Amino acid sequence: MSSIMPTYKRLPAQFVRGQGAWLYDARGEAYLDALTGIAVTGLGHCHPAVSEALATQAQTLMHCSNLYQIPAQEVLAENLCRIAGMDAVFFGNSGAEANEAAIKLARLYGHQKGIESPSIIVLEHSFHGRTMATLSATGNAAVQKGFEPLVPGFIRVPAGDIEAIAALASNTNIVAVLAEPVQGEGGVRRLSNDYLHGLRQHCDSNDWLLMFDEVQSGNGRVGTYFAYLNLNLKPDVVTTAKGLGNGVPIGACLAQGKAAKVLGAGNHGSTYGGNPLASAAAMAVITTIEQDNLTQRVPVIRQLISQSLYQYSHAAKDLIKTDSGQGLMLGFVMQQDCKELVSLALEQKLLINVTAGNVIRLLPALTLSDDEATLIGERLARVIDTYAQQLKG
Ligand SMILES: *Cc1c(COP(=O)(O)O)cnc(C)c1O
């Protein structure tokens, strides 16, 4: 029926308008959004600061090519680098493109050191995107199946196992480690601080680049602008996208120190990357996050959701093994596979996601009111109790 390639299993809902935490269908029914387009609209739908910046920029200049200097991109780069503690940034249009830039940077870093066949260490349960290089880096066979031959040059190890990293020290082809500090698609798993510090140490002693994929965990979502910012360590490269544009496509690959000096003229490029329109939107996002102190709300909102869930649900304590993730990458790890919950939640006018089979994934906005956060927990409680009854019946 549809003229769109059926690459998505779509739910029977369509939204025509959004405001804050709410999405509305054509009949005006309101849905409470605990997913924000998968960690994209972190400021809520149609945040006025972003809409105004976009409207103004749309009437001024939308695009002019990276053949020329772009003041809006310069301002964004300067501010992102200041917040991230990085020296330089390359802009693309998505998370996968940000990671492609990081992968190319790491390979070129290797070649500049005389390594002809550079390899990058990646983790099990990771997700880095759907382009050929990023799906090859991804630790999920379902994402790769049917698209072989994969891009070579990735060595996969179990996540959280620092011995597996240590065991690779003698491999002289390795140039970098690529990891999500909080794995999203792979099951909302937070890598331990000890492990992340271990990665930094091994990268230092072997002259590898430490590259964090914060496409999902970045932009305030975990309670600091990037997950590493409360760890007392810095990666050499960090990528981000999703929340950076609050719905306007943009991706960024940031680098510091020696990593910031690798890519030169002609090495990489993007037609749209960092164009005036996307740059203006992203600048409005980071200004709002800073001025409204939104990261301080993150633990409060997490706590309110979790608290009201366990308060209102009879079955949650039995069915949920543990809470996982960090900040507003909030996972509830269920005893068993529970994909049905997504449709049950839709019936309750609540938008959620289930990942890795048995992990309820919430990625709500940082701008939720206390009441909205509590309501998410309340509605999720009803969903889980309905599910528990179906399991019995
Ligand atoms: C979503 C995601 C990507 C891919 O981003 P796209 O914008 O869909 O290309 C990469 N890495 C992580 C950690 C993600 O969550």
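Here the structure is shown first, and the text comes after it.
About the cut-offs
Residues numbered from 1 in each chain as written. Predicted model: local features only at pLDDT ≥ 70, side-chain atom pairs only at ≥ 80, totals over all residues. Heavy atoms only, no water. Helix = DSSP H or I, 4+ residues; strand = E, 2+ residues; numbered from the N terminus. Rg over C-alpha atoms; globule rule 2.2 N^0.38 Å. Buried < 20%, exposed > 50% of the residue type's maximum accessible area, 1.4 Å probe, protein only. Contact = heavy atoms within 4.5 Å. Areas by Shrake-Rupley, 256 points an atom, 1.4 Å probe, with all protein chains shown as cover. Lys, Arg positive; Asp, Glu negative; His and termini not counted. Charge placed at Lys NZ, Arg CZ, Asp CG, Glu CD. Expected span 1.5 Å × (residues − 1). Near = heavy atom within 4 Å. Polar contact = N/O pair within 3.5 Å; in protein donor to acceptor, adjacent residues only side chain to side chain. Nonpolar A, V, L, I, M, F, W, Y, C, P; charged D, E, K, R; others polar. Pairing = 2+ DSSP bridges. Axes fitted to C-alpha atoms, helices over the stretch in contact; angles between N-to-C directions. Left-handed = near helix turned anticlockwise from the far one by under 90°. Phe/Tyr/Trp six-rings, centres within 6.5 Å; stacked < 30°, edge-to-face > 60°.

**Quick word on the overall build of the protein**
Line of reasoning, step 1. When helices and strands are tallied, the protein shows 13 helices and 17 strands.
Line of reasoning, step 2. Scaling as 2.2 N^0.38, a compact globule of 393 residues should have a C-alpha radius of gyration of about 21 Å, and the protein matches this with 21 Å.
Line of reasoning, step 3. Dimensions of the protein, computed from C-alpha atoms along their principal axes, come out at roughly 65 × 55 × 45 Å.
Line of reasoning, step 4. With 393 residues in all, the protein has 55% of them scored as buried.
Line of reasoning, step 5. If you take every contact in the protein between residues at least 6 apart in sequence, the share linking residues at least 24 apart comes to 72%.
Line of reasoning, step 6. In the structure as shown, the protein presents an accessible area of about 17600 Å², 51% of it carried by carbon and sulfur atoms.
Line of reasoning, step 7. Taken together, the 29 basic and 34 acidic charged side chains of the protein have centroids lying 4 Å from each other.

**Description of helix α10 (residues 297-312)**
Line of reasoning, step 1. Its 16 residues give α10 an end-to-end C-alpha distance of 22 Å, which sits within 8% of 22 Å, the value for a rise of 1.5 Å per residue.
Line of reasoning, step 2. When α10 is considered as a whole, its buried residues turn out to be Val298, Ile301, Arg302, Leu304, Ile305, Ser306, Ser308 and Leu309.
Line of reasoning, step 3. Against α11 (316-319), β13 (320-326), β14 (329-334), β17 (359-362) and α13 (370-392) lie the buried residues of α10.

**Regarding the site of the ligand**
Line of reasoning, step 1. The local shell around the ligand consists of Ser94, Gly95, Ala96, Asn99, Phe127, His128, Gly129, Glu180, Asp213, Val215, Gln216 and Lys242.
Line of reasoning, step 2. At 2.8 Å, a side-chain N or O of Asp213 approaches a nitrogen atom of the ligand.
Line of reasoning, step 3. Within the side chain of Lys242, an N or O atom sits 2.6 Å from an oxygen atom of the ligand.
Line of reasoning, step 4. Summarising the interface, the protein chains cover 81% of the accessible area of the ligand, which totals 380 Å² for the free molecule.
Line of reasoning, step 5. Ranked by residue count, the leading element in the shell around the ligand is helix α4 (residues 95-112), at three residues.
Line of reasoning, step 6. Among the residues making up the shell around the ligand, the classes are represented as three nonpolar, six polar and three charged.

**Regarding the sheet that holds strand β2 (residues 22-25)**
Line of reasoning, step 1. Read from one edge of the open sheet, four strands run β1-β2-β3-β15, paired in mixed fashion. In this open sheet, the two strands that pair with only one neighbour each are β1 (15-19) and β15 (350-351).
Line of reasoning, step 2. Pairing geometry for β2 and strand β3 (residues 30-33), over three bridges, is antiparallel. Along β3, the bridge assignment pairs Trp22 with Leu32.
Line of reasoning, step 3. Contacts from α13 reach β2, β3 and β15 within the one sheet, and its direction differs from that of β3 by about 100°.

**Quick word on the side chain of Thr224**
Line of reasoning, step 1. In this fold, Thr224 is placed in the loop between β10 (209-213) and β11 (237-240).
Line of reasoning, step 2. At a separation of 2.6 Å, a polar atom in the side chain of Thr224 contacts the main-chain carbonyl oxygen of Phe226.
Line of reasoning, step 3. Once residues within four sequence positions are removed from consideration, Thr224 is found in contact with Leu229, Asn230 and Thr295.

**Description of the packing of α10 against α13**
Line of reasoning, step 1. At a minimum axis distance of 7 Å, the contact between α10 and α13 shows a crossing angle of 35°. Helix-helix and strand crossings are classified by hand; for α10 and α13 the assignment is right-handed. Residues Arg297, Val300, Ile301, Leu304, Ile305, Ser308, Leu309 and Tyr312 of α10 form the contact with α13, whose own contacting residues are Asp370, Ala373, Thr374, Ile376, Gly377, Glu378, Leu380, Ala381, Ile384 and Asp385.
Line of reasoning, step 2. Class assignment of the residues belonging to the contact of α10 with α13 gives a composition of 11 nonpolar, three polar and four charged.

**Description of the packing of aromatic side chains**
Line of reasoning, step 1. Inspection of the entire model under this criterion finds five aromatic pairs.
Line of reasoning, step 2. With a centroid separation of 5.1 Å and 70° between ring planes, the pair formed by Phe15 and Tyr31 is classed as edge-to-face. On the criterion of sequence distance, the pair formed by Phe15 in strand β1 and Tyr31 in strand β3 is long-range, its members being 16 residues apart.
Line of reasoning, step 3. On the accessibility criterion, Tyr31 (8% relative accessible area) is buried.
Line of reasoning, step 4. Judged by centre distance (5.7 Å) and plane angle (5°), the ring pair of Phe226 and Tyr228 falls under stacked.
Line of reasoning, step 5. Grouping aromatic residues by their ring pairs yields a cluster made of Phe212, Tyr225, Phe226 and Tyr228.

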